[in-house]
Amino acid sequence: MTLKLGVPSKGRLMDKTFDWFGRHGITLQRTGSEREYAGSVDGVDGVALVLLSAGEIPRELAAGRIHLGVTGTDLVQEKLPDWMRQVRSIAPLGFGHADLILAVPKCWIDVETLDDLDAVAAQFRANHGFRLRIATKYHRLVHSHLSAHGVADYQLVDSQGATEGTVANLTAEAIADITSTGETLRANHLKILKGEPVLKSQATLFASRMADWDPTARAAMRALGAAMGRDDATDGVFQ
Ligand SMILES: Nc1ncnc2c1ncn2[C@@H]1O[C@H](COP(=O)(O)OP(=O)(O)OP(=O)(O)O)[C@@H](O)[C@H]1O
Ligand SMILES: O=P(O)(O)OC[C@H]1O[C@H](OP(=O)(O)OP(=O)(O)O)[C@H](O)[C@@H]1O
């Protein structure tokens with residue numbers, strides 16, 4: 001079976017992934033028309049390119065429908081509760097750096113830390129009769145981070161995009177989202193809570209522990225590992 005390599009289908013992540021493989025002597029290319037999601041791989045035998053949404057790559061890895069996939073560690077850890085059993089991180093790729101953080105309105109001068117948020121959340125519930133709302137698409141990671149820090153008086157509201165706008169739109173009081181330059185937060189009058197971020201993410205090459213690693217896929221994986229200068233790339237991957 002051809003080794004299937006899942007790569008984000010557009011934008012910066014796709015371009016930088018193509019560049020990263022290119023630096024290791026493997027040419028990934030989109031083929032066909034501008035809008036056709038088809039691609040080719042040169043420089044190594046037995047590998048097929050599968051162009052996918054970055055958000056869907058964790059699921060495809062977990063289902064074993066792709067052998068390798070490039071996506072952010074944030075998406076893998078959010079979408080796969082059992083990620084350590086389902087995938088193996090082969091190589092951090094050095095781009096797509098983003099921190100998953102909690103942020104509150106800049107004008108909340110008494111709120112700088114998670115402890116402050118906890119205090120304000122209890123007060124908020126008493127005043128308003130409902131729990132303080134935190135908008136995010138990272139439900140699992142945020143919930144477990146807040147639990148670990150003893151914060152309980154809140155509710156998560158789902159936001160799949162433009163999350164920083166939810167506070168001005170009065171659909172949330174706080175947000176949890178990824179930030180890179182901090183520009184989107186500043187533009188929306190939000191400040192990051194002090195302390196460690198919920199997660200530090202970067203684009204990473206993952207291998208599926210669930211895929212069918214037949215002899216052809218194994219041979220292609222060994223060739224890729226050699227191109228990457230990583231003889232240990234196959235360790236713990238083949239079932
Ligand atoms: N501003 C940013 N700077 C750096 N990395 C980012 C930034 N925004 C998103 N990312 C990272 O890029 C990856 C893809 O995020 P994104 O939210 O675009 O995925 P997606 O919405 O599932 O993709 P698609 O739009 O194809 O469905 C994530 O791992 C995320 O951490
Ligand atoms: O700190 P910054 O450099 O400003 O980057 C952070 C922004 O980048 C991402 O949004 P994206 O552009 O992917 O759109 P989205 O709202 O659909 O997530 C993220 O969701 C933030 O909104």
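Residues numbered from 1 in each chain as written. Chains lettered and ligands numbered in written order. Predicted model: local features only at pLDDT ≥ 70, side-chain atom pairs only at ≥ 80, totals over all residues. Heavy atoms only, no water.

As recorded in an unreviewed UniProt entry, the chain goes by ATP phosphoribosyltransferase and comes from Dinoroseobacter shibae. Heading Function (unreviewed entry) of the UniProt record for the chain holds this comment: "Catalyzes the condensation of ATP and 5-phosphoribose 1-diphosphate to form N'-(5'-phosphoribosyl)-ATP (PR-ATP). Has a crucial role in the pathway because the rate of histidine biosynthesis seems to be controlled primarily by regulation of HisG enzymatic activity." (UniProt positions renumbered as here; feature names shortened; annotations may be inferred.)

Trainee: So what's going on with the site of ligand 2? Residues and values would help.
Mentor: All residues in the neighbourhood of ligand 2 are listed as Gly161, Ala162, Glu164, Asp177, Ile178, Thr179, Ser180, Thr181, Gly182, Glu183 and Thr184. Within the backbone of Ala162, a nitrogen or oxygen atom sits 3.0 Å from an oxygen atom of ligand 2. One of the side-chain N or O atoms of Asp177 is found 2.9 Å from an oxygen atom in ligand 2. Notes on ligand 2: free accessible area 490 Å², of which the protein chains cover 63%. (Near = heavy atom within 4 Å. Polar contact = N/O pair within 3.5 Å; in protein donor to acceptor, adjacent residues only side chain to side chain. Areas by Shrake-Rupley, 256 points an atom, 1.4 Å probe, with all protein chains shown as cover.)

Trainee: Describe the site of ligand 1, listing the residues and the values that go with them.
Mentor: Close to ligand 1 lie 15 residues, the nearest being Ser53, Gly55, Asp74, Lys137 and Ile178. Between ligand 1 and Lys10 there is a distance of 3.1 Å, counted from an oxygen atom to a side-chain nitrogen or oxygen. The contact in question runs from an oxygen atom of ligand 1 to an N or O atom on the side chain of Lys137, over 2.9 Å. Put simply, the parts of the chain that give the shell around ligand 1 at least two residues each are helix H1 (11–23) and helix H3 (73–79). A per-class count over the shell around ligand 1 returns five nonpolar, six polar and four charged. No fewer than three residues from each of domain 1 (3–96 + 202–227) and domain 2 (98–200) sit in the shell around ligand 1. (Helix = DSSP H or I, 4+ residues; strand = E, 2+ residues; numbered from the N terminus. Nonpolar A, V, L, I, M, F, W, Y, C, P; charged D, E, K, R; others polar. Domains from an automatic or database assignment.)

Trainee: Requested: an account of the environment of Asp118, with residues and values cited.
Mentor: Within the element layout of this structure, Asp118 appears in helix H5 (residues 114–128). Since its relative accessible area comes to 27%, Asp118 is described here as partly exposed. (Buried < 20%, exposed > 50% of the residue type's maximum accessible area, 1.4 Å probe, protein only.)

Trainee: Give a description of the pattern of salt bridges that names residues and reports values.
Mentor: For the coordinates displayed, the defined rule picks out 10 salt bridges. Across the pair Arg59 and Glu56 runs a salt bridge whose closest N-O atoms are separated by 3.7 Å. Residue classification places Arg59 among the partly exposed positions, given a relative accessible area of 46%. Between Arg85 and Asp82 there is a salt bridge; the shortest N-O distance is 2.7 Å. Given a relative accessible area of 49%, Arg85 falls into the partly exposed group. Salt bridges linked by common partners bring Glu56, Arg59, Glu60 and Arg65 together as one network. (Salt bridge = Lys/Arg side-chain N within 4 Å of Asp/Glu carboxyl O.)

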